[in-house]
Amino acid sequence: DAMVIQNPRYQVTQFGKPVTLSCSQTLNHNVMYWYQQKSSQAPKLLFHYYDKDFNNEADTPDNFQSRRPNTSFCFLDIRSPGLGDAAMYLCATSRQAMNTEAFFGQGTRLTVV
Amino acid sequence: AQSVTQLDSQVPVFEEAPVELRCNYSSSVSVYLFWYVQYPNQGLQLLLKYLSGSTLVKGINGFEAEFNKSQTSFHLRKPSVHISDTAEYFCAVSQYNQGGKLIFGQGTELSVKP
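Owing to the predicted nature of the structure, the values given are computational and were not obtained by experimental measurement. (Residues numbered from 1 in each chain as written. Chains lettered and ligands numbered in written order. Predicted model: local features only at pLDDT ≥ 70, side-chain atom pairs only at ≥ 80, totals over all residues. Heavy atoms only, no water.)

## Some details on the overall build of chain B
And then number 1: Within chain B, the secondary structure is distributed over 0 helices and 12 strands.
And then number 2: If you list the helices and strands of chain B from N to C, you get β-β-β-β-β-β-β-β-β-β-β-β.
And then number 3: Rg of the C-alpha trace for chain B: 13 Å, near the compact-globule value of 13 Å for 114 residues, within the 12% margin.
And then number 4: Put simply, chain B has 114 residues, and 45% of those count as buried.
And then number 5: Of the accessible surface of chain B, which amounts to about 5400 Å², a share of 49% is contributed by carbon and sulfur atoms.
And then number 6: Counting 8 positive and 9 negative side-chain charges, chain B places the centres of these two groups 10 Å from one another. (Helix = DSSP H or I, 4+ residues; strand = E, 2+ residues; numbered from the N terminus. Rg over C-alpha atoms; globule rule 2.2 N^0.38 Å. Buried < 20%, exposed > 50% of the residue type's maximum accessible area, 1.4 Å probe, protein only. Areas by Shrake-Rupley, 256 points an atom, 1.4 Å probe, with all protein chains shown as cover. Lys, Arg positive; Asp, Glu negative; His and termini not counted. Charge placed at Lys NZ, Arg CZ, Asp CG, Glu CD.)

This is the structure we're talking about:
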């Protein structure tokens, strides 16, 4: 089945140690998104790629970066994770077209110790 | 800018009872409207969407929602809930033609009791 796959499902990292979360898709969608969802909160958009064009939300911390080497893959890099970065990170994809919606992966739960 | 308000943070209900989860939005432009469900430690699954056309939208698992433009509401309903419907439900909006760039409400925790 075509889908959005996030690896790993659970990630534990040390305070200040760089960490990378990955997302892949078989939907061939040209838009990919990263959302951050802290405990008991709504998901919040960090940034998105429209093809190779990177779009950062205004309040996304500089500590968060992203790479999209090709249509299928997108990575979230956290350069120096703090305790406040512990959250569920959700990847999503969509077609940039009318009458479309986002398809989400299962998420990666990040713990910072 | 758009915003979403889910009027109930928690909704407890007995099995086989009807339920309504309320959602209001504000926007100065045309929007798409969505309801997503999230089970513990899982991603978001789309329940239903309003993009255009009929204001009554039917989704998966027996859920439906009605878009009311005059009241800027998009309430989710199910006539008879099951234990398996226990989950967090998120209402979301996106600007017209940007269906994946979502602004979410704070979520409603639906708890179905036997």
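More follows now that the structure is in view.
## Concerning the pairing of strand S1 (residues 4-7) of chain A
Residue and element names in this part refer to chain A.
And then number 1: Alternating positions in S1 separate cleanly, Val4 and Gln6 being buried on one face and Ile5 and Asn7 remaining unburied on the opposite face.
And then number 2: Bridging between S1 and strand S3 (residues 19-25) involves 4 bridges; their strand directions are antiparallel. Along S3, the bridge assignment pairs Gln6 with Cys23. (Pairing = 2+ DSSP bridges.)

## Brief notes about the interface of chain B and chain A
And then number 1: Each partner contributes to the interface: chain B provides 23 residues, whereas chain A provides 25 residues.
And then number 2: For the chain B and chain A pair, buried surface summed over both sides reaches about 1900 Å², with 49% attributable to carbon and sulfur atoms.
And then number 3: Seen at the junction of chain B and chain A, the total is 2 salt bridges.
And then number 4: A salt bridge links Glu101 of chain A to Lys49 of chain B; the shortest N-O distance between them is 2.7 Å.
And then number 5: Secondary structure elements with two or more residues in the side of chain B that touches chain A: strand S5 (31-38), strand S6 (44-50) and strand S11 (102-104) of chain B. (Contact = heavy atoms within 4.5 Å. Buried area = accessible area lost by both parts, 1.4 Å probe. Salt bridge = Lys/Arg side-chain N within 4 Å of Asp/Glu carboxyl O.)

## Regarding the state of the cysteines
And then number 1: All told, the structure shown has 2 disulfides over all chains when counted by the stated rule.
And then number 2: Through a disulfide, Cys23 of chain A is tied to Cys91 of chain A; the S-S separation comes to 1.9 Å. Across the disulfide from Cys23 of chain A to Cys91 of chain A, rotation about the S-S bond amounts to roughly -75°, and the bridge is consequently left-handed. Taken together, the positions of Cys23 of chain A in strand S3 and Cys91 of chain A in strand S9 (residues 87-94) put the pair 68 residues apart, joining distant regions of the chain. For the pair formed by Cys23 of chain A and Cys91 of chain A, the shared burial category is buried.
And then number 3: Each disulfide pairs two cysteine sulfurs, and for Cys23 of chain B the partner residue is Cys91 of chain B, the sulfurs being separated by 2.0 Å. In this structure, the disulfide formed by Cys23 of chain B and Cys91 of chain B twists by about -65° around the S-S bond and is classed as left-handed. Linking Cys23 of chain B in strand S4 (residues 23-26) with Cys91 of chain B in strand S10 (residues 87-95), this pair joins segments that are 68 residues apart in sequence.
And then number 4: Among the residues examined, Cys23 of chain B registers a relative accessible area of 0% and is labelled buried.
And then number 5: Given the relative accessible area of 0%, Cys91 of chain B is considered buried.
And then number 6: The thiol sulfur of Cys74 of chain A is not disulfide-bonded, and the nearest other cysteine sulfur, from Cys91 of chain A, lies at 6.0 Å. (Disulfide = S-S within 2.5 Å.)

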